[in-house]
Amino acid sequence: MVAFKLAFRNLFGAGLRTWLNVSVLSFAFVVIIFYNGYLDGWNKQAYIDTKDWEIGNGQLWHPTYDPYDHYSLQDAHAPVSGNIQKLISSDQLTPVLITQATIFPQGRMQNILLKGISPAQQIIKIPSKSLDTAGSIIPAVIGKRMAFAAKLKKGDNVLLRWRDKNGTFDAKEIQVVDVFSSNVSTIDNGNIWIPISQLQQMTGFENEATLFVVDKTYTAGNIDLWIYKDTHFLLKEIDDIIESKKAGSVLIYGLLLIIALLAIFDTQVLSIFRRQKEIGTYIALGMTRWKVIWIFTIEGSAHSILAILLGSLYGIPILGYLQIKGIPLPKTMDSYGITIGDRIFPSFSIGLILSTILLVVISATIVSYFPTRRISKLNPTDALKGKIS
Amino acid sequence: MENRSLISISNLSKRFKVGNGEFLALKNINLSIAEGEFTGLVGPSGSGKTTLLNIIGSLDIPSDGTAEVLGKSISTLSHKQAAMLRNLNIGFIFQTYNLLPVYTVFENVEFALLLQKKTFAERKIAVMEALDWVGLTDKVKSKPSQLSGGECQRVAIARAMVKRPQIVLADEPSANLDAKNSHHIVQTMKRLNKELKTTFIFATHDEKVMQYLDRIISLKDGEIEKDEFVNHAKNE
């Protein structure tokens, strides 16, 4: 208690120097929370959006299906078995058939992934209900990125060419019946969604699917030849992106933290150099050297306590505002191919705040302790004279 | 009845390293100081007064010989034991007061008791009593920067006395004070010596202090030149 009281008294007594150190450290503290909260918010948002729009509560994949290998797509399909048909009927999963195709918007040629989905499905947010039309033309829904890239809009017709199961090319016009807006670019860029029954008929893959998206009630795991991929597996790409972003951000706030810690280290060295007489007095009054080291370490470490208090003073309103209003992102972010919204709403969890407080306090304590080790070698009689050694 | 000996020094020498050589600060010192003495180590600068005081105060150790303080051999004490000895039994008064600038008068005096882990009620009574001895009860909330040199030294005396030590070591306590304040603080210490039977040992070359001493140990070039008891009645 004496150490804490003395530490804070000395810190306030040091005036401007203390507040400069505390300001820099508090800035580092707020920036660390901001960066991590920003990435956590992005991560959270990306998780929710990807689940809502693409992966549901997991997927059942055909053993040959590899989303990164379009050459294998030709073989990545199989008939829907009776077991699975029951699950489809009970709305626990919905089939998706995927094949490669080409469209010719404004006379240009563009390779796409043609995806068949049930218009009645409600597991993912793709507006498949719009595909439930009675006309002779094939209805299609596309995302806003695809619409932009192909210069297509709702009501436009475009020529589609595909190959059937025998490798024979066929072509027909499709009509864009809806353009959806989603943060998940992997269901949008280069994707055209049509009714699965029509795609099965066009390709000759009658009653076949490439994968199934499952809902929250699905618990069966692997079924028949279909391999269950859980959300953890399917979201790994997002995790990897966030991890790499976090690693990059450590450089930025780490640098800031190092500057703040260097200032504390410097202050500690100066303190011990200038306050030798005081150290000698403590020893003369009956303190052990380790108790004096403790007092000086606490004093340096107390910078972090003040920094947290100061950081909270301006950090809570700023970060609170950003958490509610979100951070707008430039339009170009849309084309990066990663799941990201127009705005990111940072997420500042208790765990993040506590771990940042611990990081700041522990690192400040460590840099405060190192210069104080000199005290253990200090001769008290020299210290009392204020002899600089 | 003869007072018991608190400090016993025999064949004590102290050497310091100076460059490649050595400087002999104290040579073959033998002395004994009894309970309740008001003793001065006097002599010119460099005679070894402060070095001897530091050894008695367990802030330093002898190079040769022995120094026993309150039955404990200074050379054999660990850092912790030495700190305990100072904390419980020895009070220090310095030439430059050495008060903690961020603390008030009350807190400066209280500091020594905090180390003894006394309760606040015990501390408050003891601190107010100590401040009463030195006549500073009206300055409890003042900071050292708001006090005169004389007042600072009186706070230092209160800090040294508040824990009721058996020995108080005062290193040139009047060096930074004017004549009036010098007399005042030495008279205060003399009064405490009489009332509380505390042993005071001064390192001084100030004549104003010397006139109050009961025993004068003169040092010259690290050796005891003269050791005499003063008969004040005869002087008066």
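About the criteria used
- Residues numbered from 1 in each chain as written.
- Chains lettered and ligands numbered in written order.
- Predicted model: local features only at pLDDT ≥ 70, side-chain atom pairs only at ≥ 80, totals over all residues.
- Heavy atoms only, no water.
- Helix = DSSP H or I, 4+ residues; strand = E, 2+ residues; numbered from the N terminus.
- Buried < 20%, exposed > 50% of the residue type's maximum accessible area, 1.4 Å probe, protein only.
- Lys, Arg positive; Asp, Glu negative; His and termini not counted.
- Salt bridge = Lys/Arg side-chain N within 4 Å of Asp/Glu carboxyl O.
- Contact = heavy atoms within 4.5 Å.
- Buried area = accessible area lost by both parts, 1.4 Å probe.
- Polar contact = N/O pair within 3.5 Å; in protein donor to acceptor, adjacent residues only side chain to side chain.
- Nonpolar A, V, L, I, M, F, W, Y, C, P; charged D, E, K, R; others polar.
- Axes fitted to C-alpha atoms, helices over the stretch in contact; angles between N-to-C directions.
- Parallel < 35°, antiparallel > 145°, perpendicular 65-115°, else oblique.
- Pairing = 2+ DSSP bridges.

Enquirer: So what's going on with the side chain of A:E208? Which residues, and what values?
Expert: Residue and element names in this part refer to chain A. Topologically, E208 is positioned in strand 9 (residues 208–209). Here E208 is buried and forms no salt bridge, its nearest opposite-charge partner K165 lying at an N-O distance of 6.6 Å. With sequence-adjacent residues up to four places away left out, E208 is seen in contact with H77, A78, P79, V80, L97, I196 and Q200.

Enquirer: Explain the interface of chain B and chain A to me, using residue names and the numbers behind them.
Expert: Of the residues lining the interface, 22 residues belong to chain B; the matching set on chain A comes to 21 residues. In total, about 2100 Å² of surface goes out of reach between chain B and chain A, with carbon and sulfur atoms giving 64% of it. Of all residues in chain B, B:L59, B:V102 and B:L115 give up the largest surface area on contact with chain A, accounting jointly for 24% of the area buried on that side. Summed over the shared surface of chain B and chain A, the number is 1 salt bridge. Ionic pairing is found between B:E107 and A:R9, a salt bridge with its closest N-O pair at 2.6 Å. Where chain B touches chain A, the interface holds 6 residue pairs in polar contact (both at pLDDT 80 or more). For the side of chain B that touches chain A, the secondary-structure elements that each account for two or more residues are helix 2 (79–89) and helix 3 (105–114) of chain B. Of the residues forming the side of chain B that touches chain A, the biggest block, 5 residues, is contributed by helix 2 of chain B. In the side of chain B that touches chain A, the residues fall into 10 nonpolar, 5 polar and 7 charged.

Enquirer: Tell me about the packing of helix 2 (residues 16–55) of chain A against helix 7 (residues 236–274) of chain A, and name the residues and values.
Expert: Residues and elements named next belong to chain A. At a closest axis distance of 10 Å, the pairing of helix 2 and helix 7 adopts a crossing angle of 170°. It follows from the interaxial angle that helix 2 and helix 7 lie roughly antiparallel. When the residues that make up the contact of helix 2 with helix 7 are grouped by side-chain class, the tally is 24 nonpolar, 6 polar and 6 charged.

Enquirer: An account of the pairing of strand 3 (residues 38–42) of chain B is needed here, citing residue identities and associated values.
Expert: Residues and elements named next belong to chain B. Taken across its 5 residues, strand 3 has 5 buried, putting it largely inside the fold. The side-chain alternation of strand 3 yields two buried faces, one formed by F38, G40 and V42 and the other by T39 and L41. In the sheet, strand 3 pairs with strand 8 (residues 199–204) via 5 bridges, with the strands oriented parallel. When the bridges of strand 8 are listed, L41 appears paired with A203. For strand 3 and strand 9 (residues 215–220), the ladder comprises 4 bridges, and the chain directions are parallel. When the bridges of strand 9 are listed, T39 appears paired with R215.

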